[in-house]
Amino acid sequence: MAIRTLETLGDLAGRTVLIRCDFNVPLEDGRITDEGRIVASLPTLRALLEQGAKVVAMSHLGRPKGAPEERYSLAPVAARLGELLGQEVAFATDTVGEDAQRVRIALQDGQLALLENLRFDPRETSKDAGERAELAAELAAGADVFVSDGFGVVHREQASVFEVAQALPSAAGLLVAKELEVLSRLTESPERPYAVVLGGSKVSDKLGVIEHLLPRVDRLVIGGGMLFTFLKALGHDVASSLLEEDQVERVLGYMKQAEELGVQLLLPTDVVVAESFSADAAHETVAADAIGGSRFGAKGIGLDIGPDSAAAFAEAIRTSRTVFWNGPMGVFEMPAFAHGTKAVAQALTEVDGLAVVGGGDSAAAVRGLGFDDAAFGHISTGGGASLEFLEGARLPGLEVLGW
Ligand code: AMP
């Protein structure tokens, strides 16, 4: 079924619209280091404000433990949002308390308010559906409709995503609709060759997606911390590199399956091995089957793919017509180990077809490395959500909108 879009909510002039955004941006000392998610929310907010709606926005930030914590306050987001929209954003210092009431009541047509971090209330992420419904009812009180535009959280059964969509007439915002449109192109008849590039730290996070995608892709490219579990499965010594020993058997199974299906599985042939996990650590490039033989011996940690691998990966990406990439190739936060990630990002910008950067760290990595958003076909705002979508998993926050 098609998802309910904004138009299904009718004329919103003078009405109070509660909107779930994903303003979960990285902060350093109260400074926003990547505002991609805020920028991505602007089209829907603008569309609602231009219609003359009273807009109450809500979001989570980080992982507070169900109580207020200054460092997770959304106040810096309210300030930046106001600058980007060119209008004041009223900020409520609580989520459903007295200040939220005050701010809501004062809202005029075409004005926007932001509530404090949803996760300061333990009911937001409670396992108890009754508790979540109670918070959802408090959030919905006084609102006429609900718009779901936080793509990064649609895979979560949480009060502000799932229950609130049942408490009010609800629809997807423009961002969620756009994310779905692009990701659906990856799942329904992608142009071939279709390559999926996976990196990041944990294999166990990505196994579901590997399993689901293997029969669907032409090329599967593996980098990041997870590559060592693959190398181990091939019988190589990975010294002190990140390894998920308990996943070796499963990974071996995928390697066999890839061969049977004729899927090209690209693993690194060389690796940058460091003496320790630090930005200025001594390091050298060795063959992928000789990590244990580096000059650092058993202490050696693989922190990036090597230049030969980066070139091979880039070639496989560039010559594909559809590419989805999630997870950095190495510890890109440290310049010495960012080359592989940079090469992959560069190759994605050169794809003659659809190149999608799948959220979270990969999105932050491409911006941090100096790439322009416009160079990619699409940068998803949801890492986990986009992976789960590609896995074919049930996404409660979409189902509740009629998807
Ligand atoms: P994820 O959240 O699973 O996408 O993982 C992202 C993180 O993986 C980044 O912070 C990277 O620094 C980290 N990462 C990438 N490659 C490696 C590696 N070889 N060893 C340890 N961490 C890595």
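Residues numbered from 1 in each chain as written. Predicted model: local features only at pLDDT ≥ 70, side-chain atom pairs only at ≥ 80, totals over all residues. Heavy atoms only, no water.

So, on to the pattern of salt bridges. Taken as a whole and judged by the stated rule, the model has 26 salt bridges. For Arg192, the salt bridge identified is with Asp218, shortest N-O distance 3.0 Å. With Arg192 in the loop between helix H6 (174-187) and strand E9 (194-198) and Asp218 in the loop between helix H7 (203-213) and strand E10 (219-222), the pair connects residues that are 26 residues apart, well separated along the chain. Its relative accessible area of 26% is what places Asp218 among the partly exposed residues. (Salt bridge = Lys/Arg side-chain N within 4 Å of Asp/Glu carboxyl O. Helix = DSSP H or I, 4+ residues; strand = E, 2+ residues; numbered from the N terminus. Buried < 20%, exposed > 50% of the residue type's maximum accessible area, 1.4 Å probe, protein only.)

Here the focus is the packing of aromatic side chains. Overall, the coordinates contain 2 aromatic pairs when judged by the stated rule. Relative to Phe376, the ring of Phe371 has its centre 6.1 Å away and its plane inclined at 65 degrees; by these criteria the two rings are edge-to-face. Accessibility classification places Phe371 together with Phe376 in one group, the buried group. Summarising the aromatic geometry, the rings of Phe389 and Trp403 are spaced 6.1 Å apart at their centres and angled 45 degrees between planes, so their arrangement reads as tilted. With Phe389 in helix H13 (residues 383-391) and Trp403 in the segment after helix H14 (396-399), this pair connects stretches of sequence that are 14 residues apart. Classification of Phe389 as buried rests on a relative accessible area of 9%. (Phe/Tyr/Trp six-rings, centres within 6.5 Å; stacked < 30°, edge-to-face > 60°.)

A few words now on the site of the ligand. The local shell around the ligand holds 16 residues, among which Ser201, Gly302, Gly330, Glu333 and Asp361 are the closest. In the environment of the ligand, an oxygen atom lies 3.0 Å from a nitrogen or oxygen atom belonging to the backbone of Ser201. For the ligand, a nitrogen atom lies 3.2 Å from a polar atom in the backbone of Gly225. With the chains in place, 82% of the 500 Å² that the ligand exposes on its own is no longer accessible. Residue composition of the shell around the ligand, by class: 6 nonpolar, 6 polar and 4 charged. (Near = heavy atom within 4 Å. Polar contact = N/O pair within 3.5 Å; in protein donor to acceptor, adjacent residues only side chain to side chain. Areas by Shrake-Rupley, 256 points an atom, 1.4 Å probe, with all protein chains shown as cover. Nonpolar A, V, L, I, M, F, W, Y, C, P; charged D, E, K, R; others polar.)

Look at helix H9 (residues 248-261): 20 Å from first C-alpha to last across 14 residues, which is about the 20 Å you get at 1.5 Å a residue. For H9, the set of buried residues is Val248, Val251, Tyr254, Met255 and Ala258. Taken around the axis of H9, the buried residues stretch over an arc of 115 degrees, which confines them to a single face. Opposite its buried face, H9 presents the exposed residues Glu249, Lys256 and Glu260, each directed more than 90 degrees away. Where H9 is buried, its residues contact H7, helix H8 (227-233) and strand E11 (264-266). Backbone geometry just after H9 places Gly262 at a positive phi near 75 degrees. (Expected span 1.5 Å × (residues − 1). Arc of directions from axis to C-beta. Contact = heavy atoms within 4.5 Å.)

Our focus in this paragraph is the pairing of E10. Across the two faces of E10 the burial is the same, with Arg219 and Val221 and Leu220 and Ile222 all buried. In this structure, E9 lies alongside E10, joined through 4 bridges in parallel fashion. By the bridge assignment for E10, Val197 is matched with Val221. Two strands pair when backbone bridges link them, and E10 and E11 are joined in this way by 3 bridges, in the parallel orientation. (Pairing = 2+ DSSP bridges.)

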